[in-house]
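The chain contents come next:
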Amino acid sequence: MANAFIPEIWDAAVFRTLEDNLIARKICRNYSNKVSKYGDVIHFSGLADPTVTSYSGTVQYENLVSGTVSLPINVQNYYAFDVDDIEQAMANVDLKGSQAERAGYALKKAVDTEIMKLYAYAGNSIPDDDSCDTASILSDIGLMKQKLAENNVPENDMWLVLPPWVQLKLELAGIVFSINEGIHGKGGMMWAKVLGFDAYVTNQVHESAPTPVSHLMAGSYNAIAYAEALMKSEALRSETSFATHVRGLHVCGYKVIKPAELVSAKLTYAAETKI
């Protein structure tokens, strides 16, 4: 009697890399509806504030200077890979579809990494903490909040981005986190309301190693402008093999447009000696 055919089952899902918390769309003012193609430029314009002068019988009129800030759509990233027909026939998951989704995530993750470097353009900073532990972390975060408040950012408009090790320091210091899918429709990690921030935990915070030195950012939801578009996402039959080409193109731009409403903090990890 012939041996029964035993099919091999392929499943790519178990080996997928776990996805990080992407925060660009959560902390930035999004202007994606204004993007049509790479090379577009979004302009933000406004007038300078008028001067208040003591009245002494005559009035002099001043010309208010207009200011313009431009957001160029000047970043292009792409993905491209092949899916063999044999893989499509034998897989019990849609390899092409699932990997296209993973590629789309990777494009957005690359942008998140770059946005986290915008701490260098913050108009405010606090003193470096070269030994950040539970004894100093609350003071550090409190100073960041103070800087924003001094620039008239209301408490309900403040966000904070931090890496997991800083989240742990805060928890050890007594701050309670809670998962909330509906924070102003943004989702993510949320502060206890005593500190007032919407806090987002991500591994994309700019760091150096081996001892974590993290550049945190906090700001208003108007501090950073962001716009993006997935210009192309398509599947093409290969002309030279029995495979399908899958490719996609993502264009975007990002810029600090209100540096006074952004604050940075350089924190260096310190081990706890006693809790």
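Scope of this entry: the structure provided in the associated data block. (Residues numbered from 1 in each chain as written. Predicted model: local features only at pLDDT ≥ 70, side-chain atom pairs only at ≥ 80, totals over all residues. Heavy atoms only, no water.)

With that settled, the discussion passes to the overall build of the protein chain. When its secondary structure is counted, the protein chain shows five helices and 15 strands. Residues classed as buried in the protein chain amount to 40% of the 275 residues present. Considering only contacts in the protein chain between residues 6 or more positions apart, those separated by 24 or more positions represent 76%. Total accessible area on the protein chain is roughly 16,000 Å²; 53% of this is exposed by carbon and sulfur atoms. (Helix = DSSP H or I, 4+ residues; strand = E, 2+ residues; numbered from the N terminus. Buried < 20%, exposed > 50% of the residue type's maximum accessible area, 1.4 Å probe, protein only. Contact = heavy atoms within 4.5 Å. Areas by Shrake-Rupley, 256 points an atom, 1.4 Å probe, with all protein chains shown as cover.)

Attention shifts here to the environment of alanine 80. Looking at where alanine 80 falls in the secondary structure, it is placed in strand β4 (residues 75-84). The sequence separation of alanine 80 and leucine 249 amounts to 169 residues, and the corresponding C-alpha distance is 9.0 Å.

Our next topic: unusual backbone geometry. Unlike most non-glycine residues, asparagine 152 shows phi in positive territory, near 65 degrees. Within the secondary structure, asparagine 152 sits in the loop between α4 (137-150) and β7 (158-162).

Throughout the structure, instances matching the rule amount to six salt bridges. Between glutamate 155 and lysine 145 there is a salt bridge; the shortest N-O distance is 2.7 Å. Of this pair, glutamate 155 sits in the loop between α4 and β7 while lysine 145 sits in helix α4, and the two are ten residues apart along the sequence. Classification of lysine 145 by relative accessible area gives buried; the value is 18%. (Salt bridge = Lys/Arg side-chain N within 4 Å of Asp/Glu carboxyl O.)

With the rule as written, the count across this model stands at three aromatic pairs. Here the aromatic rings of tyrosine 31 and phenylalanine 44 are separated by 4.9 Å at their centres, their planes lie at 65 degrees, and the arrangement is edge-to-face. Here phenylalanine 44 lies in strand β2 (residues 41-47) and tyrosine 31 lies in the loop between β1 (29-30) and β2, a separation of 13 residues in the sequence. Under the relative-accessibility criterion, phenylalanine 44 is labelled buried at 18%. Seen from their ring centres, tryptophan 165 and tyrosine 269 are 5.4 Å apart, and the 85 degrees between their planes marks the pair as edge-to-face. You can see tryptophan 165 sitting in helix α5 (residues 164-172) and its partner tyrosine 269 sitting in strand β15 (residues 262-269), a full 104 residues away along the chain. The exposure class assigned to tyrosine 269 is partly exposed, which follows from its relative accessible area of 34%. (Phe/Tyr/Trp six-rings, centres within 6.5 Å; stacked < 30°, edge-to-face > 60°.)

Our next topic: the packing of α4 against α5. Between α4 and α5, the shortest axis-to-axis distance is 9 Å and the interhelical angle comes to 110 degrees. Here α5 runs roughly perpendicular to α4, going by the angle between their axes. Touching Ile137, Leu138 and Ile141 of α4 are Val166, Lys169 and Leu170, all from α5. Looking at the contact of α4 with α5 residue by residue, the classes come out as five nonpolar, no polar and one charged. (Axes fitted to C-alpha atoms, helices over the stretch in contact; angles between N-to-C directions. Parallel < 35°, antiparallel > 145°, perpendicular 65-115°, else oblique. Nonpolar A, V, L, I, M, F, W, Y, C, P; charged D, E, K, R; others polar.)

All right, on to the side chain of histidine 250 then. Its location among the elements puts histidine 250 in strand β14 (residues 243-256). In terms of polar contacts, histidine 250 uses its side chain to reach the side chain of glutamate 228, at 2.8 Å. (Polar contact = N/O pair within 3.5 Å; in protein donor to acceptor, adjacent residues only side chain to side chain.)

Attention now moves to α4. An ideal rise of 1.5 Å per residue puts 20 Å on 14 residues; α4 measures up with 20 Å between its terminal C-alpha atoms. Those residues of α4 lying buried are Ile137, Asp140, Ile141, Met144, Lys145 and Leu148. Here the buried residues of α4 occupy an arc of 135 degrees about the axis, which is enough to place them on one side. Buried residues belonging to α4 abut β6 (129-132), β7, α5, β12 (213-220) and β15. (Expected span 1.5 Å × (residues − 1). Arc of directions from axis to C-beta.)

It is worth spelling out the side chain of asparagine 124 at this point. With respect to the secondary-structure elements, asparagine 124 resides in strand β5 (residues 124-125). Here the side chain of asparagine 124 touches asparagine 151 through a polar contact of 3.4 Å, side chain to side chain. Polar side-chain contacts of asparagine 124 include one of 3.1 Å to the backbone oxygen of leucine 262. Not counting residues within four places of it along the chain, the set of residues in contact with asparagine 124 comprises Lys147, Asn151, Pro259, Ala260, Leu262, Val263 and Ser264.

With that out of the way, let us pick up the environment of glutamate 228. Assignment of secondary structure puts glutamate 228 in strand β13 (residues 224-237). Given the relative accessible area of 7%, glutamate 228 is considered buried. In the structure, glutamate 228 is positioned 203 residues away from arginine 25 in sequence and 9.8 Å away in space, judged by C-alpha atoms. Residues within four places of glutamate 228 in sequence aside, it is in contact with Arg25, Ser32, Val35, Lys108, His250, Val251 and Cys252. Only 2.4 Å separates the side chain of glutamate 228 from the side chain of arginine 25, close enough to count as a polar contact.

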